Amino acid sequence: VLVLNASGRVIAEEFLYIGMVLAAALPLLGILGVIGLTVAGGRPKLSAPLLLALVSLLMLLGGVTLAALGSLIDATLADETFKLRDTTWRDGTSALIALGGGLGGLSAGALWWAPKFYGRKLNAGLAYLQVLAFVGGVTLIAVPSLIGGGIWDLRFGPISEGRGASEAMAALAAVGSLVVMASLALLLLNLLLSVLGKAGEEAGDDPVGGHTLEWATASPPEAGNFAEDPEITSERPLLDAREAEEAR
């Protein structure tokens, strides 16, 4: 059975693609729900890694949703001369998914695990500056591309080839790319100063107040992790130990 739009174009494959994209967004919504419940049940410390991870997750979810929306518009629009997939809309969603979600998640992981791997805390000021630069850079790339494709029908946008896009859009995307690279440079600088330069404080076994077993080892972990096998009574042994200590 073929599904046709007003112009007679087959759109069954379009809706299959939209369904797959939306299905991919469900795990992201589940993670956001878990984070929301965690925040509601306690008072988490809003550190730079956590902030970057949250923003990265929201960018990834936004990119996936906007990609599905663009496909839905392409599938149902009668006018064949306007397809969002052929405009800078595609570049904007790609920036949110690949840069915001992918690179942002990797950067957040680097900030979170560096003290455990190297035994030294990173500079908090540089970490927050890195987050600010990263978010600003991705925004400068994605938002003009989405606006250009959705409103002005700009073709071959600033991220791909730059032809047909306005000079202002191309300039904003170029600046955004530089700002994103600057954020990565800040991460590298933070590691160099804090770890190699030994400017960072010693991390200790548990620099983040973790709940799980990896935060019970030394930073960085020694060979074998533990001299003796630890007694594990739940999935959150460090939290259990702290609560038992407080109850005494």
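Preceding this section is the structure that the text describes.
Worth saying up front: this structure is predicted, and the values here are computed from it rather than measured.

Reading the values: the criteria
Residues numbered from 1 in each chain as written. Predicted model: local features only at pLDDT ≥ 70, side-chain atom pairs only at ≥ 80, totals over all residues. Heavy atoms only, no water. Salt bridge = Lys/Arg side-chain N within 4 Å of Asp/Glu carboxyl O. Buried < 20%, exposed > 50% of the residue type's maximum accessible area, 1.4 Å probe, protein only. Helix = DSSP H or I, 4+ residues; strand = E, 2+ residues; numbered from the N terminus. Patch = residues over 30% accessible without salt bridge, like charges linked within 9 Å, V, L, I, M, F, W, Y side chains within 5 Å. Areas by Shrake-Rupley, 256 points an atom, 1.4 Å probe, with all protein chains shown as cover. Core = buried A, V, L, I, M, F, W, Y, C linked by side-chain atoms within 4.5 Å. Contact = heavy atoms within 4.5 Å. Axes fitted to C-alpha atoms, helices over the stretch in contact; angles between N-to-C directions. Parallel < 35°, antiparallel > 145°, perpendicular 65-115°, else oblique. Left-handed = near helix turned anticlockwise from the far one by under 90°. Nonpolar A, V, L, I, M, F, W, Y, C, P; charged D, E, K, R; others polar. Polar contact = N/O pair within 3.5 Å; in protein donor to acceptor, adjacent residues only side chain to side chain. Phe/Tyr/Trp six-rings, centres within 6.5 Å; stacked < 30°, edge-to-face > 60°.

**A word on the pattern of salt bridges**
For the structure shown, the criterion picks out three salt bridges. Between Arg90 and Asp91 there is a salt bridge, and its shortest N-O distance comes to 3.5 Å. For Arg90, a relative accessible area of 35% puts it in the partly exposed group. Using a relative accessible area of 6% as the deciding quantity, one classes Asp91 as buried. Between Asp240 and Arg236 there is a salt bridge; the shortest N-O distance is 3.6 Å. Using a relative accessible area of 22% as the deciding quantity, one classes Asp240 as partly exposed. Here Arg236 falls in the partly exposed class, since its relative accessible area comes to 36%.

**A closer look at the environment of Ala67**
By secondary structure assignment, the location of Ala67 is in helix α2 (residues 48–76). When its relative accessible area of 16% is taken as the criterion, Ala67 is described as buried. Put simply, Ala67 and Leu84 are 17 residues apart on the chain and 9.4 Å apart in space, counted from C-alpha to C-alpha.

**What to know about a nonpolar patch on the surface**
On the surface, Leu188, Leu192 and Leu196 cluster together into a nonpolar patch covering about 310 Å² of accessible area. For Leu196, the location among the structural elements is in helix α5 (residues 167–196). For Leu196, a relative accessible area of 64% corresponds to the exposed category.

**Points about the nonpolar core**
Grouped together as the largest cluster of nonpolar side chains are 21 residues, with contacts concentrated most on Leu52, Leu96, Leu111 and Val138. At the level of elements, α2, α3 (88–118), α4 (124–150) and α5 are the ones that each hand at least two residues to this core. In terms of residue count, α4 provides more of this core than any other element does, seven residues in total. With residues near it in sequence (within four places) discarded, Leu96 still touches Met59, Leu60, Gly62, Gly63, Leu66, Gly101, Val138, Ala142 and Leu146.

**Focus on unusual backbone geometry**
The step from Ser219 to Pro220 runs through a cis peptide bond, and the omega angle for that step is -5°. Residue position: Pro220 is located in the loop between α5 and α6 (237–247). Positive phi, close to 55°, is recorded for Lys198, a residue that is not glycine.

**Digging into the packing of α2 against α3**
In the contact formed by α2 and α3, the axes pass within 8 Å of each other and the chain directions differ by 160°. Taken together, α2 and α3 sit at an angle that is classed as roughly antiparallel. Seen along the crossing, α2 lies across α3 with a hand that is left-handed. Taken together, the residues that form the contact of α2 with α3 break down as 16 nonpolar, 10 polar and no charged.

**Looking at the environment of Thr217**
Here Thr217 shows up in the loop between α5 and α6. Once the C-alpha coordinates of Thr217 and Gly204 are considered, the two residues, 13 residues apart in sequence, prove to be 9.1 Å apart. What Thr217 contacts, discounting residues up to four positions off in sequence, is Lys116, Asp205, Asn225 and Phe226. Within polar-contact distance, the side chain of Thr217 engages the backbone oxygen of Glu214 at 2.9 Å.

**What to know about the packing of aromatic side chains**
Using the criterion set out here, one finds four aromatic pairs in the structure. A ring pair is formed by Trp112 and Trp215, whose centres lie 5.8 Å apart and whose planes are at 85°; its orientation type is edge-to-face. Here Trp215 lies in the loop between α5 and α6 and Trp112 lies in helix α3, a separation of 103 residues in the sequence. Its relative accessible area of 30% is what places Trp112 among the partly exposed residues. In this structure Trp215 comes out as buried when scored by relative accessible area, which is 4%. In this structure an aromatic cluster arises from ring pairing among Trp112, Trp113, Phe117, Tyr118 and Trp215.

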